[in-house]
Amino acid sequence: MIDQVEEVRHMAGQANPVERTETARAIRTGLDDAAALVNTVHAQVLSQVITAQSWKVHRDLDGFSSVRDWLVSMFDFHHRTAADLAAIARLSRKFAVLTEAATSGVARIDQVAFAVRALDKTPAMRLYARTPYRQAVPSPFDPAIQCPTPEHLAAQYCAHASHADLARHLAEIEAACQAEDELFEGLCEQALARLEVWETETGMWAIDGLVTADTGAMFAKLLTTAIPPPRAEDCQTDQPEAGTDNDSETDAEAVLPAQANRNAEALHQMLARFGADPAAPTRHGHTATLHLTCDLATLRGEDTGRLPLLEGDPISLAKARLLACEGQVIPTVFDYATGEAVELGRTRRLPNTALRRKLELEQPGGCAWSGCSRPVHWTEAHHLVGPVGEG
């Protein structure tokens, strides 16, 4: 195969302009034909998936809770394709025009899936998408086609526009939806509110949303009180020049950590405290509980070739040891030699309020770790023991 690729590259390098043009034309024709075939197949598959979803075949007959997992596990669909098919099928009754554009092959399923997800963000968006214009709007791609609703216009963008243009148009719909006072007269703010949380490819999580005025005000107040502001000595400063008295310059040039960074830390503290609160709402007996799984030999530091798992995903040994000390993380330790679970952890591992007060009284110098002078109320209480003479 490698030899064939090199031969093709050699031929391309030796080709004259006429041959290159003819080859390019043949490639474009082949790709156009392949794309049309793929779209046709996807349209046929989507029709079957919509029927299967309406009859609950995936759940009642095959035992899958979601259409996406059913498509991936039973039929070996690509995750992204399965997710797009499932999204359109789930929302097919709400957005019949967009669904028709996908099942007829007029528009690609990824474009339509993106559109239905965007229009389904809030009740207000769903209502706006299906509300007729006062006068039908001509399609920007074919003036002869009249679009009676925003959904019809979105279907035209799905069929003819690039993904970037489609995203821009949907963003304009969302903005128009929020500004349409006449349509939403008397409609409460909750109809516009939304909150989306998703994991990125880097393993970090992204948050995007729009909340009501009172929710936003409460959240902003919590962010300012969840953690104390940094002290002067924790500010980032330039190094002073040798032999100069820099006290006044340090105060003037000190740079606080960016507000966005402090907000992220505050959110972490809020979630950790809420998840560990016995009064927090539970579902199926659990709050925001994470499960840590590790085998005994790996935890001891032996080279077993295995990694600890947090919610099924591998993490480093150092992070596993740290998480095992934190609240709302349940450590489960296995001994592969005997096939036994040697520890089934519990979540109530952090000190309660009385023990925290005792800790602050016993360690007036702050953090026990070498070289750290942070106050005790800034720190986490772990099973780590600081160097002798510290804290």
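Preceding this section is the structure that the text describes.
Keep in mind it's a predicted model, so treat the numbers as computed, not measured.

K.L.:
Explain the packing of aromatic side chains residue by residue, including any values.
P.N.:
Throughout the structure, instances matching the rule amount to two aromatic pairs. A centroid spacing of 5.1 Å and a plane angle of 90° characterise the contact between W70 and F75, whose relative ring orientation is edge-to-face. Its relative accessible area of 7% is what places W70 among the buried residues. Note on F75: relative accessible area 43%, which makes it partly exposed.

K.L.:
Tell me about a nonpolar patch on the surface, and please be specific about residues and values.
P.N.:
Residues L195, V197, W205 and I207 make up a contiguous nonpolar surface patch of roughly 470 Å² in combined accessible area. Here I207 is to be found in strand β4 (residues 205-210).

K.L.:
An account of the packing of helix α2 (residues 17-54) against helix α5 (residues 79-90) is needed here, citing residue identities and associated values.
P.N.:
Between α2 and α5, the shortest axis-to-axis distance is 9 Å and the interhelical angle comes to 55°. In this view, α2 runs oblique relative to α5, as classed from their interaxial angle. Crossing of α2 against α5: the hand is right-handed. Where α2 abuts α5, its residues H42, V45, L46, V49, I50 and Q53 lie against T81, L85, I88, A89 and R90. Its residues assigned to classes, the contact of α2 with α5 comprises seven nonpolar, three polar and one charged.

K.L.:
Residue-level account of the side chain of E151, with values.
P.N.:
As for its placement among the helices and strands, E151 is situated in helix α9 (residues 150-160). The side chain of E151 is buried and forms no salt bridge, while R130, the nearest opposite charge, is found at 6.0 Å. When residues no more than four places from it in sequence are discounted, the contact partners of E151 are K94, F95, A96, V97, L98, A129 and R130.

K.L.:
Hey, could you go over the environment of H169 for me, with residue numbers and the actual values?
P.N.:
For H169, the location among the structural elements is in helix α10 (residues 163-179). Here H169 falls in the buried class, since its relative accessible area comes to 7%. In this structure the C-alpha to C-alpha distance between H169 and Y157, which are twelve residues apart in sequence, comes to 7.9 Å. Apart from the residues within four sequence positions on either side, H169 is in contact with L153, A154 and Y157.

K.L.:
Which residues make up the pattern of salt bridges, and what are the values?
P.N.:
Within the structure shown, the criterion is met by 14 salt bridges. D120 is the salt-bridge partner of R126, the closest N and O atoms lying 3.0 Å from each other. The burial state of R126 is the same as that of D120; both residues are buried. E196 serves as the salt-bridge partner of R194, at 2.8 Å between the closest nitrogen and oxygen. The exposure class of E196 is partly exposed, given its relative accessible area of 29%. It is possible to trace a salt-bridge network through shared partners that takes in K121, E174, R194, E196 and D208.

Rules of the game
Residues numbered from 1 in each chain as written. Predicted model: local features only at pLDDT ≥ 70, side-chain atom pairs only at ≥ 80, totals over all residues. Heavy atoms only, no water. Phe/Tyr/Trp six-rings, centres within 6.5 Å; stacked < 30°, edge-to-face > 60°. Buried < 20%, exposed > 50% of the residue type's maximum accessible area, 1.4 Å probe, protein only. Patch = residues over 30% accessible without salt bridge, like charges linked within 9 Å, V, L, I, M, F, W, Y side chains within 5 Å. Areas by Shrake-Rupley, 256 points an atom, 1.4 Å probe, with all protein chains shown as cover. Salt bridge = Lys/Arg side-chain N within 4 Å of Asp/Glu carboxyl O. Helix = DSSP H or I, 4+ residues; strand = E, 2+ residues; numbered from the N terminus. Axes fitted to C-alpha atoms, helices over the stretch in contact; angles between N-to-C directions. Parallel < 35°, antiparallel > 145°, perpendicular 65-115°, else oblique. Left-handed = near helix turned anticlockwise from the far one by under 90°. Contact = heavy atoms within 4.5 Å. Nonpolar A, V, L, I, M, F, W, Y, C, P; charged D, E, K, R; others polar. Lys, Arg positive; Asp, Glu negative; His and termini not counted.

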